[in-house]
Amino acid sequence: MVPEEKPDGPGTGEESARLQAAGSVRKSCDLLADSQDSHLQSRRTRIHQQINKELRMRTGAENLYRATSNAQVRETVALELSYVNSSLQLLKEELEGLDGSMDADQPESEGVTVPMIPLGLKETKQLDWATPLKELISGHFGEDGTSYEAEIRELEELRQAVRTPSRSEAGLELLMAYYNQLCFLEARFVTPARSLGLLFHWYDSLTGVPAQQQALAFEKGSVLFNIGALHTQLGARQDRSCPRGTGRAVKAFQRAAGAFGLLRENFSHAPSPDMSPTSLSMLEQLMTAQAQECVFEGLSLQAPTDPYDCLAQLHLAQEAAQVAAEYRLVHQTMAQPPVQDYVPFPWTTLVHVKAEYFRALAHYHAALALCDGPLVAEAELPAVEQVFLGLSASSAPRGPALPQEREESRKLGKAHLKRAILGQEEALRLHAVCRALRRVDLLQAVLAQALRRSLAKYSELDLEDDFFETTEAPDIQPKTHQRPKARAPSFSRVKVADIFHRLGPLSVFSAKNRWRLVGPIHVARGEGGFGFTLRGDSPVLIAAVVPGGQAAAAGLKEGDYIVSVNGQPCRWWKHAEVVAQLKGMGDEGVSLQVVTLLPSVEPPGLGARRPGLGALLRSQKECGRETPGPARASPRPLLGWSRKAKRGKTGRRLSPAPQP
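Residues numbered from 1 in each chain as written. Predicted model: local features only at pLDDT ≥ 70, side-chain atom pairs only at ≥ 80, totals over all residues. Heavy atoms only, no water.

- As annotated in an unreviewed UniProt entry, the protein carries the name Rhophilin-1 and comes from Camelus dromedarius.
- UniProt annotates the protein under Sequence similarities (unreviewed entry) with the comment "Belongs to the RHPN family." (UniProt positions renumbered as here; feature names shortened; annotations may be inferred.)

## Some remarks on the overall build of the protein
Thinking step 1. From N to C terminus, the protein includes 18 helices and eleven strands.
Thinking step 2. Per-residue burial for the protein yields a buried fraction of 48% across its 660 residues.
Thinking step 3. Contacts spanning at least 24 positions in sequence make up 79% of the contacts within the protein whose residues lie at least 6 apart.
Thinking step 4. Working note: accessible area of the protein is about 32,200 Å², and carbon and sulfur atoms make up 52% of it. (Helix = DSSP H or I, 4+ residues; strand = E, 2+ residues; numbered from the N terminus. Buried < 20%, exposed > 50% of the residue type's maximum accessible area, 1.4 Å probe, protein only. Contact = heavy atoms within 4.5 Å. Areas by Shrake-Rupley, 256 points an atom, 1.4 Å probe, with all protein chains shown as cover.)

## A word on the packing of aromatic side chains
Thinking step 1. This structure, assessed with the given rule, holds eleven aromatic pairs.
Thinking step 2. Aromatic pair Trp129 and Phe200: ring centres 6.0 Å apart, planes at 55 degrees, arrangement tilted. One end of the pair, Trp129, is in the loop between helix H2 (71-99) and helix H3 (130-139); the other, Phe200, is in strand S1 (residues 200-203), with 71 residues separating them in the sequence. When sorted by exposure, Trp129 lands in the same class as Phe200, which is buried.
Thinking step 3. Each ring, one from Phe509 and one from Trp515, has its centre 5.3 Å from the other, and the planes form 80 degrees; the classification is edge-to-face.
Thinking step 4. An aromatic cluster is built from Phe141, Tyr148, Phe189, Phe500, Phe509 and Trp515, whose rings are joined through pairwise contacts.
Thinking step 5. Here the guanidinium or amino end of Lys122 rests over the ring plane of Phe225, the centre of that ring lying 5.6 Å away.
Thinking step 6. Across from the ring centre of Tyr364, 4.6 Å away, lies the NZ or CZ of Arg453, which sits over that ring. (Phe/Tyr/Trp six-rings, centres within 6.5 Å; stacked < 30°, edge-to-face > 60°. Lys NZ or Arg CZ within 6 Å of the ring centre and 35° of its normal.)

## Considering the pairing of strand S5 (residues 532-535)
Thinking step 1. Alignment of S5 against strand S6 (residues 540-545), held across four bridges, turns out to be antiparallel. Within S6, the residue paired with Phe532 across the bridge is Val545.
Thinking step 2. Connecting S5 to the next strand, S6, in antiparallel fashion are four residues, including Gly536 with a positive phi near 80 degrees. (Pairing = 2+ DSSP bridges.)

## Concerning the pattern of salt bridges
Thinking step 1. Tallying each qualifying case throughout the model produces 16 salt bridges.
Thinking step 2. Glu356 serves as the salt-bridge partner of Arg359, at 3.0 Å between the closest nitrogen and oxygen. Of this pair, Arg359 and Glu356 are both found in helix H11 (residues 345-372), three residues apart, which corresponds to roughly one turn of the helix.
Thinking step 3. Overall, the relative accessible area of 32% leaves Arg359 in the partly exposed class.
Thinking step 4. Accessibility expressed as a relative area gives 12% for Glu356, which makes it buried. (Salt bridge = Lys/Arg side-chain N within 4 Å of Asp/Glu carboxyl O.)

## Points about unusual backbone geometry
Thinking step 1. A cis geometry characterises the amide bond from Pro337 onward to Pro338, with omega recorded as 0 degrees.
Thinking step 2. Among the structural elements, Pro338 can be located in the loop between helix H9 (310-334) and helix H10 (339-342).
Thinking step 3. Between Ser538 and the following residue, Pro539, the backbone shows a cis peptide bond with an omega angle of -5 degrees.
Thinking step 4. Its location among the elements puts Pro539 in the loop between S5 and S6.
Thinking step 5. Although it is not a glycine, Ser538 adopts a positive phi angle of roughly 45 degrees.
Thinking step 6. You can see Ser538 is positioned in the loop between S5 and S6.
Thinking step 7. In the Ramachandran plot, Asn566 falls in the positive-phi region, its phi being about 50 degrees despite a non-glycine side chain.

## Let's talk about the environment of Thr164
Thinking step 1. Along the chain, the position of Thr164 falls in the loop between helix H4 (149-163) and helix H5 (169-189).
Thinking step 2. Separated by 40 residues in sequence, Thr164 and Thr124 have C-alpha atoms that sit 9.8 Å apart.

## So, the packing of helix H8 (residues 277-301) against H9
A pair of packed helices is captured by two measures, namely the crossing angle of their axes and the spacing between those axes.
Thinking step 1. It is the contact of H8 with H9, at a shortest axis distance of 9 Å, that shows an interaxial angle of 165 degrees. Put simply, H8 runs roughly antiparallel to H9. In the crossing of H8 with H9, the sense of the turn from one axis to the other is left-handed. Residue-level contacts link Met282, Gln285, Leu286, Thr288, Ala289, Gln290, Gln292, Glu293, Phe296, Leu299 and Ser300 of H8 to His315, Leu316, Glu319, Ala320, Gln322, Val323, Glu326, Tyr327, Leu329, Val330, Thr333 and Met334 of H9.
Thinking step 2. Of the residues belonging to the contact of H8 with H9, the class tally is twelve nonpolar, eight polar and three charged. (Axes fitted to C-alpha atoms, helices over the stretch in contact; angles between N-to-C directions. Parallel < 35°, antiparallel > 145°, perpendicular 65-115°, else oblique. Left-handed = near helix turned anticlockwise from the far one by under 90°. Nonpolar A, V, L, I, M, F, W, Y, C, P; charged D, E, K, R; others polar.)

## Regarding the packing of H9 against H11
Thinking step 1. Where H9 contacts H11, the axes come no closer than 7 Å and their chain directions differ by 160 degrees. Compared by their axis directions, H9 and H11 come out roughly antiparallel. Both H9 and H11 take part in a crossing whose hand is left-handed.
Thinking step 2. Looking at the contact of H9 with H11 residue by residue, the class counts come to 20 nonpolar, five polar and three charged.

## Side note on the environment of His431
Thinking step 1. Along the chain, His431 falls in helix H13 (residues 406-433).
Thinking step 2. Along the primary structure His431 and Thr349 are separated by 82 residues, whereas in three dimensions their C-alpha atoms are 7.2 Å apart.
Thinking step 3. Setting aside residues up to four positions removed in sequence, His431 forms contacts with Val353, Leu437, Arg438, Val440, Leu443, Gln444 and Leu447.

## Structural notes on the pairing of strand S2 (residues 210-213)
Thinking step 1. Where S1 lies against S2, four bridges are found, and the strand directions are antiparallel. Residue pairing across strands places Phe200 opposite Gln213, the latter belonging to S2.
Thinking step 2. Where S1 folds back on S2, the antiparallel hairpin that results is connected by six residues, among which Gly208 adopts a positive phi of roughly 80 degrees.

## Structural notes on the environment of Thr68
Thinking step 1. Checked against the element boundaries, Thr68 lands in the loop between helix H1 (12-67) and H2.
Thinking step 2. Its relative accessible area of 16% is what places Thr68 among the buried residues.
Thinking step 3. Ignoring sequence-local partners within four residues, the contact set of Thr68 consists of Val73 and Arg74.

## Brief notes about the confidence of the model for the protein
Thinking step 1. With 71% of its residues at a pLDDT of 70 or more, the protein has an overall mean of 76.
Thinking step 2. Here residues 391-400 is modelled with pLDDT under 50, and outside its nearest four sequence neighbours on either side it reaches twelve contacts, counting other chains as well.
Thinking step 3. Contacts of residues 603-656 to residues separated by more than four positions or lying in other chains number 141 contacts, the stretch itself having pLDDT below 50. (pLDDT = per-residue confidence, 0-100.)

See the structure below:
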């Protein structure tokens, strides 16, 4: 189709002008976009330069920390490392903010919410897996270690990616996938008597002080710590001005608390302060408190059907008091040694500020209930006093009961407003004490807004009586109807395949077992078949050998595992596959390769040995493992470093060798 040529007309000049104007606008928009991109790139370049500078400083301080034996010098260097670590965390968070500034999945909050405390990830150095794994594969498994270079490269690339995971669900899945691979590595290559010979090097998340161990459990514990830390960052980044955002934040902080709780319960004698039981207990409490805060925010977003509902306001007062109580417990833990020695001071101050802020908020909601809501019915009065004002039904009142006169109700509400104002002023004072918190404009805006709101409400009630003539308001009893519980990471959600599955099933082919490869052995078919009975899957076990039969004459023994049939590897074959292959053999017989398990040789007293960091062994189901063969009949225990691998399999069917 040929376009029709239009003649020039009176509107042609106007159309041309409009096109030129539109072109100018697009050009200016392009220039503006280019300018913004250039500005962002310049900021990224500057941040990368600062990160490299901090890394060089950390390397020098780390070398000095290891070289010196002077306690005073080590203390000074540790303080410098803590400062460098804090700077690195801030720079990386700033860089992450720039990288995610155009991310549509991370909406900016439109409301004013109190900032949360995210935890920085532990950092590690690059690790060379090739040398020890090749030596172990060649020496113990009897295979060519160089033939597993692809698997080793895959493992190294996975660990390299784990060093800088994205702050997203994809980053969490990456960390859990690596953790599951570490479960495979531990089950296959590690024994109580022998480690991999690698030195795992990790930096403390709170202090920046380096720590290193040869135990693979230290690597697993550090990865599990980062899983919890990444959950805290995801929770802190949620838009909590909407119910969906508060719900996501609650789940993220619950997962974080579960990760730190799992770490605390299963690891001991950690070489770094951030993984000590006291630190992990503190972090678990902190994340639970932040989850409780998000629960309160979610309830606050639910507009009541009646804005003057007394019971609804008292319910919010009770929820706010619960948040304040949680933060008071966290602050007490942070103020005790040894936690106070390495917890950042802004954390301790912010937790103290939140405790005062939410306690004041509880009194504010109680004041609204008493001043604006209808009087409580006489039949409901005992229950309301007991549940919301902390007055036991069997004990004498510790303060004024809920009044049944409007003037008395207004007076008690004013007393609660007084305590709210005093608490909010205290929170602002604590905020001003910490220089780091003074730079957090959002926190100051929240505290100032709450104080202005309380003062405005108080001015409505302040008619003639003096400020100090009000009665003393009782404490609000902490209670919640939605207490968030710690939730352990769902490792089974991330399915992975054992990178080194070519070595064979873990039940047999692991460093915990010793075996001898026999064959190939030629077994002829006799009148009664091959003369042996098979059992189990992956690998198939010779359960019994007929005395005087063809198998016995060839040298096969009960307990041998078939690993090759006529040159075909069958370590992962199921029972039916091996039987079908044998049935297809003619009178010429079959060539088999088997492995014979040998008695394990353990040094005296080995059973009493424990690694420096308790090994967290997960079952294949718990860790989300996938293997080419079937799952084992019995799962591995959570703490299994003192268990020995079972030599045989039970619960499998018995099947005689095929008859001619």
